[in-house]
Amino acid sequence: MHECNRSSTRGEVGATTIVSTVKEPTGAQRCLQQIRQMIVSGELLPGQKVHQSELAERLNVSRIPVREALSTLQAEGVLEHKSNTGYTVTRFSSEDLSELYLMRRLLETEILASIDLGGVDVAELERIQEQVDQAEPSEEGPEFQEANRQFHFRLFSYSPLKRVLQEVDRLWYMSDFYRALYIHEPSSRRKVSEDHARILKAVRDQDSAELIRASDEHRSATEDLVVRRLGGGRPR
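Residues numbered from 1 in each chain as written. Predicted model: local features only at pLDDT ≥ 70, side-chain atom pairs only at ≥ 80, totals over all residues. Heavy atoms only, no water.

### Let's talk about the overall build of the chain
- Secondary structure assignment for the chain yields 9 helices and 5 strands.
- What you see in the chain, going N to C, is helices and strands ordered as β-β-α-β-α-α-β-β-α-α-α-α-α-α.
- The buried share among the 236 residues of the chain stands at 42%.
- Counted over contacts in the chain with a minimum sequence separation of 6, partners at least 24 positions apart contribute 69%.
- Carbon together with sulfur atoms contributes 49% to the accessible area of the chain, which is approximately 13000 Å² in total. (Helix = DSSP H or I, 4+ residues; strand = E, 2+ residues; numbered from the N terminus. Buried < 20%, exposed > 50% of the residue type's maximum accessible area, 1.4 Å probe, protein only. Contact = heavy atoms within 4.5 Å. Areas by Shrake-Rupley, 256 points an atom, 1.4 Å probe, with all protein chains shown as cover.)

In structure tokens form, the structure reads like this:
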């Protein structure tokens, strides 16, 4: 039985075979990535029951890596577990999402404020933004979401606050499905590009205060639309 789409690490240069020393993800880590994508894409919907046996069969693995992956997702808050019903995908209310975005704003502000903007490779961020512009925000493919995430987290990676960044990563995964509601709005793609251009300018100008303002407004636009769709929300 295979472990969640193992990929080869061998390559050839001339007649010499080179074996990569990069550590491959474990079976549980590969399952974790695939199950996360199923949740982000809406293949597994909020409130839906998650069956270990069905996932193991679908991913062509034993139940052990699936169980480990589900346990990790439970710890992250993406799944809920009850002894009598098993795992279900967490369903968030508008108030829950507002709290997630509040935590993101507080933590991401600290991350952005800690970055030495003079050391940021702006050209690299611009190349990533080109991928965002070229990606199609379709229901079938995650390319747009992945490129958007890469843009933000490449910038975040310049922060020395690595533990804070881990928590922000968790908050993003918890709200990925709901954020997709924003991405598929007709006007959202243009707004994302405009907001990213403003963020890039702030980085280029090494203007930390403007970077934080631009990021706050960019994040708030997503929150407002998603919370409005779900109804209610936290007063600001």
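So that's the structure; there's more coming.
### Observations regarding helix α5 (residues 122-134)
- Compared with an ideal rise of 1.5 Å per residue, which puts 13 residues at 18 Å, α5 spans 18 Å between its outermost C-alpha atoms and is within 8% of the ideal.
- Regarding α5, the residues found buried are V122, L125, I128, Q129 and V132. Seen along its axis, α5 keeps its buried residues to an arc of 120 degrees; they face one direction.
- On its buried face, α5 sits against α6 (143-156) and α8 (188-204).
- Of the residues flanking the start of α5, the one acting as N-cap is D121, its side-chain oxygen 3.2 Å from the backbone nitrogen of A123. (Expected span 1.5 Å × (residues − 1). Arc of directions from axis to C-beta. Polar contact = N/O pair within 3.5 Å; in protein donor to acceptor, adjacent residues only side chain to side chain.)

### Quick word on the nonpolar core
- Formed by 27 residues in total, the largest nonpolar core has its most connected members in I35, I39, V50, L70 and L79.
- Contributions of two or more residues to this core are made by α1 (27-40), α2 (52-59), α3 (63-76), β5 (86-89), α4 (94-113), α7 (162-183) and α9 (208-230).
- The element best represented in this core is α1, accounting for 5 residues.
- Sequence-distant contacts of L70, defined by excluding residues within four places in its chain, comprise I35, V50, Q52, L55, L79 and Y87.
- Of all hydrophobic cores here, the second largest spans 22 residues; its members include I111, L125, L211 and I212. (Core = buried A, V, L, I, M, F, W, Y, C linked by side-chain atoms within 4.5 Å.)

### A few points about the sheet that holds strand β4 (residues 79-82)
- Pairing is antiparallel across the open sheet formed by 3 strands, whose spatial order is β3-β5-β4. Bordering the open sheet on either side are β3 (49-50) and β4, each of which pairs with just one other strand. (Pairing = 2+ DSSP bridges.)

### Focus: α6
- Helix length check: α6, at 14 residues, gives a terminal C-alpha distance of 20 Å against a target of 20 Å (1.5 Å per residue), a fit within 8%.
- Most of α6 is tucked away, with 10 of its 14 residues classed as buried.

### Comments concerning the packing of α1 against α2
- Here α1 crosses α2 at 110 degrees, and the two axes come no closer than 12 Å. One way to sum up the angle between α1 and α2 is to call them roughly perpendicular. When α1 is examined against α2, the residues C31, Q34, I35 and M38 are found in contact with a partner set consisting of L55, R58 and L59.
- Looking at side-chain class alone, the contact of α1 with α2 contains 5 nonpolar, 1 polar and 1 charged residues. (Axes fitted to C-alpha atoms, helices over the stretch in contact; angles between N-to-C directions. Parallel < 35°, antiparallel > 145°, perpendicular 65-115°, else oblique. Nonpolar A, V, L, I, M, F, W, Y, C, P; charged D, E, K, R; others polar.)

### Focus on the pattern of salt bridges
- Following the criterion strictly, the structure yields 13 salt bridges and no others.
- Residue R198 is joined to E210 by a salt bridge in which the shortest nitrogen-to-oxygen separation is 2.6 Å. Taken together, the residues span a long stretch of sequence, with R198 in helix α8 and E210 in helix α9 at a distance of 12 residues.
- Its relative accessible area of 29% is what places R198 among the partly exposed residues.
- Salt bridges sharing partners connect three or more residues here, namely R104, E108, D216 and R219. (Salt bridge = Lys/Arg side-chain N within 4 Å of Asp/Glu carboxyl O.)

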